[in-house]
Amino acid sequence: LLDKNEKLLNALIAGDGQWRFPHNDSVPDKFKASVVEFEDHTFYSHIGVSARGIARAIKQNISNGKVVSGGSTITMQVMRMSRNKQRTIYQKLVEMILATRLEAKYTKDEILAIYTSNAPMGGNVVGLDAASWRYFQRSPNELSWAETATLAVLPNAPSLIHVGKNRTALKNKRDRLLKRLYVKGKIDKETMEIAMEEPLPEKPHTLPQL
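About the thresholds
- Residues numbered from 1 in each chain as written.
- Predicted model: local features only at pLDDT ≥ 70, side-chain atom pairs only at ≥ 80, totals over all residues.
- Heavy atoms only, no water.
- Helix = DSSP H or I, 4+ residues; strand = E, 2+ residues; numbered from the N terminus.
- Rg over C-alpha atoms; globule rule 2.2 N^0.38 Å.
- Buried < 20%, exposed > 50% of the residue type's maximum accessible area, 1.4 Å probe, protein only.
- Contact = heavy atoms within 4.5 Å.
- Areas by Shrake-Rupley, 256 points an atom, 1.4 Å probe, with all protein chains shown as cover.
- Lys, Arg positive; Asp, Glu negative; His and termini not counted.
- Charge placed at Lys NZ, Arg CZ, Asp CG, Glu CD.
- Salt bridge = Lys/Arg side-chain N within 4 Å of Asp/Glu carboxyl O.
- 1 Å grid on protein atoms, 1.4 Å probe; cavity = no way out; pocket = protein on both sides within 12 Å on 5 of 7 lines; lining within 4 Å.
- Points joined across faces, edges and corners; volume = space filled by probe spheres on them.

Student: Would you take a moment to explain the overall build of the chain for this structure?
Tutor: Regarding its fold elements, the chain presents 9 helices and 2 strands. Along its sequence from the N terminus, the chain presents helices and strands in the succession β-α-α-α-α-α-β-α-α-α-α. In terms of C-alpha radius of gyration, the chain reaches 17 Å, essentially the compact-globule figure of 17 Å for 210 residues. Expressed along its principal axes, the backbone C-alpha trace of the chain runs to roughly 50 × 40 × 30 Å. In the chain, buried positions account for 47% of the 210 residues. Partitioning the contacts of the chain with sequence separation of at least 6, the portion at a separation of at least 24 is 62%. Surface summary for the chain: the accessible area is close to 11,800 Å², and the carbon and sulfur share equals 53%. Each charge class in the chain was averaged separately, 31 positive and 22 negative side chains, and the resulting centres sit 8 Å apart.

See below:
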């Protein structure tokens with residue numbers, strides 16, 4: 001429940017125990033820049049599958065002797081979330097095919113909005129809007145670069161790294177993203193340095209119950 005100024009007055013948890021807000025077609029520019037840089041920096045140029053990303057993932061997995069990267073694009077991740085199948089090589093191939101079909105039907109911004117509204121954000125929090133209110137008590141459009149970068153890296157391993165678990169690893173991932181945003185010219189050096197000094201949220205907040 002929102003007031004006329006889009007401030008949150010009340011929210012109830014979903015029937016499956018997840019904090020999940022309705023789909024939002026709008027993705028803030030800060031989050032768009034952050035999540036594309038972190039998850040899929042060729043998002044706006046590929047057709048749903050990135051051959052370079054798959055090749056890089058195979059190389060990393062072989063050199064590490066275990067699976068450390070899946071090479072999935074944001075579009076492929078949307079298909080994985082929508083299907084909720086066991087993660088196997090076969091299912092990865094299916095996701096690749098379905099991702100190209102999704103790209104043919106929806107625009108890049110529409111696909112990014114679907115991802116943003118449904119990405120796991122740690123614990124029982126799903127999607128950017130719910131995460132923004134749970135972790136920072138305000139809407140995504142009001143977040144700082146540090147806060148936005150924190151949420152952008154959460155879907156990468158939400159069960160292993162979130163605000164209540166492996167906090168040092170989470171801050172390191174956030175800071176690496178901020179450095180990449182600086183190198184790519186998305187933010188200036190002063191913004192990066194100030195953002196890296198911001199602390200992580202201590203824990204999820206209770207949502208308003210007005």
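Once you've had a look at it, read on.
Student: Quick question: what am I supposed to make of the pattern of salt bridges here?
Tutor: Oppositely charged side chains can pair when the atoms bearing their charge come close. Within the structure shown, the criterion is met by 10 salt bridges. Taking the shortest distance from any N to any O, the salt bridge between aspartate 109 and lysine 32 comes out at 3.7 Å. Residue aspartate 109 is located in helix α5 (residues 108-118), and its partner lysine 32 is located in helix α1 (residues 29-39); the two are separated by 77 residues in the primary sequence. A salt bridge links arginine 138 to glutamate 147; the nearest nitrogen and oxygen atoms lie 2.3 Å apart. Given a relative accessible area of 9%, glutamate 147 falls into the buried group. It is possible to trace a salt-bridge network through shared partners that takes in Glu37, Arg180 and Lys184.

Student: Just to check I follow, could you spell out the layout of surface pockets for this structure?
Tutor: Think of a ball as big as a water molecule: rolled over the atoms, this probe shows where empty space is left. Of the pockets and cavities examined, the second largest pocket occupies roughly 400 Å³. In this structure, the second largest pocket is lined by 19 residues; those nearest its centre are Leu2, Glu6, Phe21, Asn24 and Asp129.

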